[in-house]
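Descriptive analysis of the structure
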Amino acid sequence: MDALNIFIKAAFIDNMVLAYFLGMCSYLAVSKSVKTALGLGVAVVFVLAFTAPVNWIITNKILAEGAIIEGISFDFLGLIIYISVIAGLVQFLEMFIEKVSPSLYNALGIFLPLITVNCAILGATLFIVAREYNFAEATAFGIGSGVGWMLAIVALAAIREKLRTANIPAPLQGLGIAFIITGLMGIAFMSLLGLNPATYFG
Amino acid sequence: MADTKVAPKKEETSLFGTKERKLLTDPLNDDNPITVQVLGVCSALAVTSQVKPALIMAIGLTVVTAMSNLVISMMRTSIPPAIRMIVQLLVVAALVQVVSDGLQAFMYDVYAELSVFIGLIITNCIVMGRLEAFAMANKPWQSFIDGIGNGLGYGVILIIMATIREILGKGTWFGITILSPEWYVPNNLMLLPCASLFLMGVIIWIQRGFNTKLVGKS
């Protein structure tokens, strides 16, 4: 049940975008229409669902102390290896999307390869390492973070679509109002703070 | 009369000419990495609850951007296009590892506070963005200056936000008490994540209000 609790916590309470501000760049840039936001969100969920367990395996079975050579830890190679795994997976996902859905591929444009440098992906891995989750918890955390990110970007896209006809002061249009909307969403999500899923799901 | 070939004029690049000074001053206002280019927003929001970590983060990012710009610019003609991103990521990851280890060794309290955000300098869009947009097409010295300029622009926004948040949220600045707790009740909202989002929106509002060239950019 721990894994389910962590999933719920990562998706709603410790939301990657609204609580930790990871993945803001593509979040702000791709949230102009709900369709592209949904496409990018699903792509991020896929990348996280695969990189979280893979990076966990690498961290604990290869880089950890004594895993390959007794007494030596390769932790210092961590960052380089994580980012390489992510880059490889995004490259693979890009080829997959191009084959399966060319329209989505064209709609996402440059932002598909930019998932590689999406802070949310590397951030989830670094959180998993720092919090020393086990395998199931790490996977649940990865998928949960992705789902949370997707929720936030789709919500922002929906709001921005509605705001297109609103009377916003010129200097605030576009980027400024996107920040303020996100702040308000953050406050709304804060109402879930302190909620411990374990009390409901055991 | 023999045809004299006119030698092509060699492009003059000085150490601190107008172009170089522009590279340093543009990112401060007109081309600010955070408010105009929309890069590096994640860390700008997350580490600004106090001035000290914000300052260290800004310095760290400036170092990484400048050095990676320099290295990639020196290598720019010999990187095969197919593995361009991987090479850039490796250079940046190595630099960030060095910065991270240095911080862990010499300033452990700041390292503990910044935690994952030091590693996340790798994915900081400013670093990758400047590599792709500038270092891959320009000479090493100009790329280095561009890295410093963008780091400064980033640092300015970070310090402004951190100053407001720390003074209003805690009454201190860099640990020095400014608004004494005897009469000032700290505004805890300023220390929450959402406050940095509002503040950023307001800063953009004010900047575009003064600098009308920027109105209408996404």
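Small disclaimer: the values here were computed from a predicted structure and weren't measured.

Scoring rules and cut-offs
- Residues numbered from 1 in each chain as written.
- Chains lettered and ligands numbered in written order.
- Predicted model: local features only at pLDDT ≥ 70, side-chain atom pairs only at ≥ 80, totals over all residues.
- Heavy atoms only, no water.
- Helix = DSSP H or I, 4+ residues; strand = E, 2+ residues; numbered from the N terminus.
- Rg over C-alpha atoms; globule rule 2.2 N^0.38 Å.
- Buried < 20%, exposed > 50% of the residue type's maximum accessible area, 1.4 Å probe, protein only.
- Areas by Shrake-Rupley, 256 points an atom, 1.4 Å probe, with all protein chains shown as cover.
- Lys, Arg positive; Asp, Glu negative; His and termini not counted.
- Charge placed at Lys NZ, Arg CZ, Asp CG, Glu CD.
- Contact = heavy atoms within 4.5 Å.
- Axes fitted to C-alpha atoms, helices over the stretch in contact; angles between N-to-C directions.
- Parallel < 35°, antiparallel > 145°, perpendicular 65-115°, else oblique.
- Left-handed = near helix turned anticlockwise from the far one by under 90°.
- Buried area = accessible area lost by both parts, 1.4 Å probe.
- Salt bridge = Lys/Arg side-chain N within 4 Å of Asp/Glu carboxyl O.
- Polar contact = N/O pair within 3.5 Å; in protein donor to acceptor, adjacent residues only side chain to side chain.
- Nonpolar A, V, L, I, M, F, W, Y, C, P; charged D, E, K, R; others polar.
- Phe/Tyr/Trp six-rings, centres within 6.5 Å; stacked < 30°, edge-to-face > 60°.
- Lys NZ or Arg CZ within 6 Å of the ring centre and 35° of its normal.
- 1 Å grid on protein atoms, 1.4 Å probe; cavity = no way out; pocket = protein on both sides within 12 Å on 5 of 7 lines; lining within 4 Å.
- Points joined across faces, edges and corners; volume = space filled by probe spheres on them.
- Expected span 1.5 Å × (residues − 1).
- Patch = residues over 30% accessible without salt bridge, like charges linked within 9 Å, V, L, I, M, F, W, Y side chains within 5 Å.
- pLDDT = per-residue confidence, 0-100.

1. Overview of the overall build of chain A
The helix and strand inventory of chain A stands at 9 helices and 0 strands. Counting helices and strands in the order they occur from the N terminus, chain A gives α-α-α-α-α-α-α-α-α. Against the compact-globule benchmark of 17 Å for 202 residues, chain A has a radius of gyration of 18 Å, which places it among compact chains. In terms of its C-alpha atoms, chain A occupies a principal-axis envelope of roughly 65 × 45 × 30 Å. Taken over 202 residues, chain A has a buried fraction of 49%. Only carbon and sulfur atoms are counted for the fraction: they give 69% of the accessible area of chain A, which is about 9000 Å². Charged side chains in chain A number 9 positive and 10 negative. The centres of these two groups are separated by 18 Å.

2. Examining the overall build of chain B
Across its full length, chain B holds 9 helices and 2 strands. Ordered by position from the N terminus, the helices and strands of chain B form the series α-α-α-α-α-α-α-α-β-β-α. Along the first, second and third principal axes, the C-alpha set of chain B runs to 90 × 40 × 30 Å. Per-residue burial for chain B yields a buried fraction of 49% across its 218 residues. Long-range contacts, defined as pairs at least 24 residues apart, comprise 74% of the intrachain contacts of chain B with a sequence gap of at least 6. Just so you have it, chain B exposes about 10600 Å², and 67% of that area is on carbon and sulfur atoms.

3. A closer look at the packing of helix H8 (residues 175–190) of chain A against helix H9 (residues 193–210) of chain B
Where H8 of chain A meets H9 of chain B, the closest approach of the two axes is 8 Å, and the angle between their N-to-C directions is 165 degrees. Between H8 of chain A and H9 of chain B, the angle falls in the class roughly antiparallel. At the point where H8 of chain A passes H9 of chain B, the crossing takes the left-handed sense. In this structure, H8 of chain A uses Leu-175, Gly-176, Phe-179, Ile-180, Thr-182, Gly-183, Leu-184, Ile-187 and Met-190 of chain A to contact H9 of chain B, whose residues at the interface are Cys-194, Leu-197, Phe-198, Met-200, Gly-201, Ile-204 and Arg-208 of chain B.

4. Some details on the interface of chain A and chain B
Contact residues are listed per partner, giving 40 residues for chain A and 40 residues for chain B. Interface area, chain A with chain B, both sides summed: about 3400 Å², of which 85% is carbon and sulfur. The interface formed by chain A and chain B contains 0 salt bridges. Taken together, the connections running from chain A to chain B amount to 0 residue pairs in polar contact (both at pLDDT 80 or more). Taken together, the elements giving at least two residues each to the side of chain A that touches chain B come down to helix H2 (24–29), helix H4 (78–100), helix H6 (119–131) and H8 of chain A. Sorting elements by how many residues they give to the side of chain A that touches chain B places H8 of chain A first, with 9 residues. In the side of chain A that touches chain B, the residues fall into 29 nonpolar, 10 polar and 1 charged.

5. Examining the packing of aromatic side chains
Taken as a whole, this structure holds 8 aromatic pairs over all chains when the rule is applied. For the pair Trp-56 of chain A and Phe-135 of chain A, a centre-to-centre distance of 5.4 Å together with 70 degrees between the ring planes defines the contact as edge-to-face. Pair noted here: Trp-56 of chain A is in helix H3 (residues 34–63) and Phe-135 of chain A is in helix H7 (residues 135–162), with a separation of 79 residues, a long-range link. Residue class for Phe-135 of chain A comes out partly exposed when judged on its relative accessible area of 38%. Aromatic side chains Trp-173 of chain B and Phe-174 of chain B sit 5.9 Å apart centroid to centroid with 45 degrees between the ring planes, which places their arrangement in the tilted category. On the basis of relative accessibility, which here comes to 35%, the residue Phe-174 of chain B falls in the partly exposed class. In this structure an aromatic cluster arises from ring pairing among Tyr-20, Phe-127, Tyr-133 and Phe-141 of chain A. Directly above the aromatic system of Phe-127 of chain A lies the positively charged group of Arg-131 of chain A, at a separation of 4.7 Å from the ring centroid.

6. Some thoughts on empty space enclosed by the protein
Per the stated rule, a full pass over the model turns up 1 cavity of 30 Å³ or more. Empty space within the largest cavity amounts to approximately 50 Å³. What lines the largest cavity is Cys-119 of chain A together with Gly-40, Val-41, Cys-42, Ser-43, Met-57, Phe-117, Leu-120, Ile-121 and Asn-124 of chain B. At 3 residues, the largest contribution of residues to the lining of the largest cavity is made by helix H2 (residues 41–46) of chain B.

7. Notes on H6 of chain A
Think of an α-helix as turning once every 3.6 residues; residues three or four places apart then point the same way. In this model H6 of chain A runs 17 Å from its N-terminal to its C-terminal C-alpha over 13 residues, within 8% of the 18 Å that 1.5 Å per residue would give. Extensive coverage of H6 of chain A is indicated by the burial of 10 of its 13 residues. Buried within H6 of chain A we find Cys-119, Ala-120, Ile-121, Leu-122, Gly-123, Ala-124, Thr-125, Leu-126, Phe-127 and Ile-128 of chain A. Those residues of H6 of chain A that are buried are in contact with H3, H4 and H7 of chain A together with H2 and helix H6 (116–119) of chain B. Just beyond H6 of chain A, the residue with positive phi is Glu-132 of chain A, at close to 55 degrees.

8. Some points on a nonpolar patch on the surface
Residue and element names in this part refer to chain B. A grouping of Leu-55, Ile-59, Val-63, Met-67, Trp-173, Phe-174, Ile-176 and Ile-178 is seen on the molecular surface, where their side chains present a nonpolar patch of about 670 Å² in accessible area. Ranked by the residues each element gives to the nonpolar patch, the list is headed by helix H3 (residues 51–75), at 4 residues. Positionally, Ile-176 belongs in strand E2 (residues 176–177). The exposed category is assigned to Ile-176, whose relative accessible area is 54%.

9. As for the side chain of Thr-182 of chain A
Turning to its location among the elements, Thr-182 of chain A is positioned in helix H8. Beyond its immediate sequence surroundings of up to four residues, Thr-182 of chain A is in contact with Leu-18, Tyr-27 and Leu-156 of chain A together with Leu-197 of chain B.

10. Remarks on the confidence of the model for chain B
Here chain B averages 84 in pLDDT, and 92% of its residues register 70 or above. Here the complex is predicted with pTM 0.81, and the ipTM for its interfaces comes to 0.79.

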